[in-house]
Amino acid sequence: MLVVVLVVVLVDVVLVVVVAGAMVATVVVFVDEVASAEEQALTAKDIVTRRRRARRDRTEFMSGATLGGNTSRFDVVAFDADDTLWHSEDGFHAAENTFCELVRPFVTEGVDLRAVLTATERVNLPTYGYGVKAFGLSMLEAAISVSEGRVSSDVLEKLLSVIRELLLAPVRLLPGVAEVIVDLAKDHRVAIITKGDLVHQTRKVSTSGIDHLFDHVEIVLEKDVPTYERVLREIDVEPHRFCMVGNSVKSDALPVLELGGHAVHVPYRVLWELERAEHPVNHPRFGQVEAITDVPSWVRGR
Ligand SMILES: [Mg+2]
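Residues numbered from 1 in each chain as written. Predicted model: local features only at pLDDT ≥ 70, side-chain atom pairs only at ≥ 80, totals over all residues.

The subject of this paragraph is the sheet that holds strand β3 (residues 216-220). Backbone-to-backbone hydrogen bonds pair the strands of a sheet. The strands run either parallel or antiparallel. With parallel pairing, 6 strands are arranged side by side in an open sheet as β3-β2-β1-β4-β5-β6. Among the strands making up the open sheet, the edge pair consists of β3 and β6 (286-288). The average angle at which neighbouring strand axes cross in this sheet is 20 degrees, direction not considered. Across 3 bridges, the pairing between strand β5 (residues 262-265) and β6 is parallel. By the bridge assignment, Val264 is partnered in β6 with Gly287. Each of β2 (189-195) and β3 touches helix α8 (residues 198-207); the most contacted strand, β3, lies at about 155 degrees to it. (Pairing = 2+ DSSP bridges. Helix = DSSP H or I, 4+ residues; strand = E, 2+ residues; numbered from the N terminus. Axes fitted to C-alpha atoms, helices over the stretch in contact; angles between N-to-C directions. Contact = placed C-beta atoms within 7 Å.)

With that settled, the discussion passes to the packing of helix α4 (residues 113-128) against helix α5 (residues 132-146). Contact geometry of α4 with α5 gives a least axis separation of 9 Å together with a crossing angle of 130 degrees. On the basis of their axis angle, the class for α4 and α5 is oblique. Of the two possible hands of crossing, α4 and α5 adopt the one that is right-handed. For the pair α4 and α5, contact is made by Leu113, Val116, Leu117, Thr120, Glu121, Asn124 and Tyr128 and by Ala134, Phe135, Leu137, Ser138, Met139, Glu141, Ala142 and Val146, respectively. (Parallel < 35°, antiparallel > 145°, perpendicular 65-115°, else oblique. Left-handed = near helix turned anticlockwise from the far one by under 90°.)

By the criterion of burial, β2 is predominantly enclosed, with 7 of the 7 residues buried. Residues of β2 alternate between two faces, with Arg189, Ala191, Ile193 and Lys195 on one and Val190, Ile192 and Thr194 on the opposite face, all of them buried. Where strand β1 (residues 76-79) lies against β2, 4 bridges are found, and the strand directions are parallel. Counterpart to Val76 in the pairing with β2 is Arg189. (Buried ≥ 20, exposed ≤ 12 C-beta atoms within 10 Å, placed from the backbone.)

A few words now on the environment of Val177. Turning to its location among the elements, Val177 is positioned in helix α7 (residues 177-184). For Val177, a count of 20 C-beta atoms within 10 Å gives the class buried. For the pair Val177 and Leu85, spaced 92 residues apart in sequence, the C-alpha separation works out to 6.1 Å.

For the rest of this paragraph, the subject is the environment of Val162. Along the chain, Val162 falls in helix α6 (residues 153-168). Classification of Val162 by C-beta neighbours within 10 Å gives buried; the count is 20. Distance from Val162 to Ala95, taken between C-alpha atoms, is 6.5 Å for residues 67 residues apart in sequence. Sequence-distant contacts of Val162, defined by excluding residues within four places in its chain, comprise Ala95 and Thr98.

In this model, helix α3 (residues 89-103) (15 residues) spans 21 Å end to end at C-alpha, consistent with the 21 Å of a helix rising 1.5 Å per residue. Along α3, the residues classified as buried are Ala95, Phe99, Leu102 and Val103. Along the axis of α3, the buried residues cluster in a sector spanning 80 degrees; they form a single face. Along α3, the residues that are exposed and aim more than 90 degrees away from the buried face are Asn97 and Glu101. Residues of α3 that are buried sit in contact with α4, α5 and α6. (Expected span 1.5 Å × (residues − 1). Arc of directions from axis to C-beta.)

In terms of strand pairing, β2 meets β3 through 5 bridges, oriented parallel. The residue of β3 that forms the bridge with Lys195 is Val220. Crossover β2 to β3 through α8 is right-handed. (Right-handed = clockwise from strand over helix to strand, strands pointing away.)

What follows covers the nonpolar core. Within the largest apolar cluster, 33 residues are counted, with the highest numbers of intra-cluster contacts made by Val77, Ala78, Phe242, Cys243, Met244 and Val245. For this core, the secondary-structure elements that each account for two or more residues are β1, α7, β2, α9 (225-234), β4 (242-246), α10 (249-259), β5 and α11 (295-300). (Core = buried A, V, L, I, M, F, W, Y, C linked by C-beta atoms within 7 Å.)

Take α5 next. The end-to-end C-alpha distance of α5, which contains 15 residues, comes to 20 Å, matching closely the 21 Å that a straight helix rising 1.5 Å per residue would cover. Of all the positions in α5, only Val132, Phe135, Ser138, Met139, Ala142, Ala143 and Val146 are classed as buried. Angular distribution of buried residues about the axis of α5 spans 135 degrees; they occupy a single face of the element. Lining the buried residues of α5 we find α3, α4, α6 and α8. Glu148 sits one or two residues past α5 and shows a positive phi near 50 degrees.

On their own, these measurements won't tell you what the molecule is for.
Quick look at the structure:
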């Protein structure tokens, strides 16, 4: 009799466990269905925003957990793109040489064609902005004006090919860039802040192979104080917790220093004439390094 009672009780317990398990499974399936329906309702932008928020939470957790409380003084480290992350100005420089060779036969001897081109770019900057297309328009205009209309259509066609090649050229990363971004992303938000043509810059960022490493990508018209002020507000960082890295003191350092941020200058072998500026060597929030691979130790040594 005792054995029968024990068997009945055991069967009851098994039944209760099975029913409870089924209920839990149902709830889990239901929650999954709700989550997936919710996910489906999200736009791509929402998903990116959520991913960034999760990444920021993780970063804050990690930075708070750093051994000995040795946390970085920066929340965001931002990088210029052209001639900081990848080669750019050498392509323009080669195009300028081609311009001089092609247009030379149509102009008076002794004319400084490079200076004419730079002067045309300078005048057109407020109208055309930055980038290859703006450069191309100035190149065509300079060819026509300096030759007083004598330049041949064949030369203009060749100049157009040069512009097209520049627009479609694959991105060539500078040495060590990916490793530096991965390293800094461990305990900072990392960003790209670049100016230039929206279509071309977007193509370069998306084909660079490193775009997924960045929390923010900002393509702006100009790199001046009001623009940095707006971008810093949008990415939610205080100027004193922000560090900008770039090859142009004029665009990547001076406006950021004026706002109260930090800036690191990483030189590139060629600098566009219109980016020349005095280096604020004695500024307490300004740094100069030899290569981008020196940036993480500069950032963590502040
Ligand atoms: Mg640059």
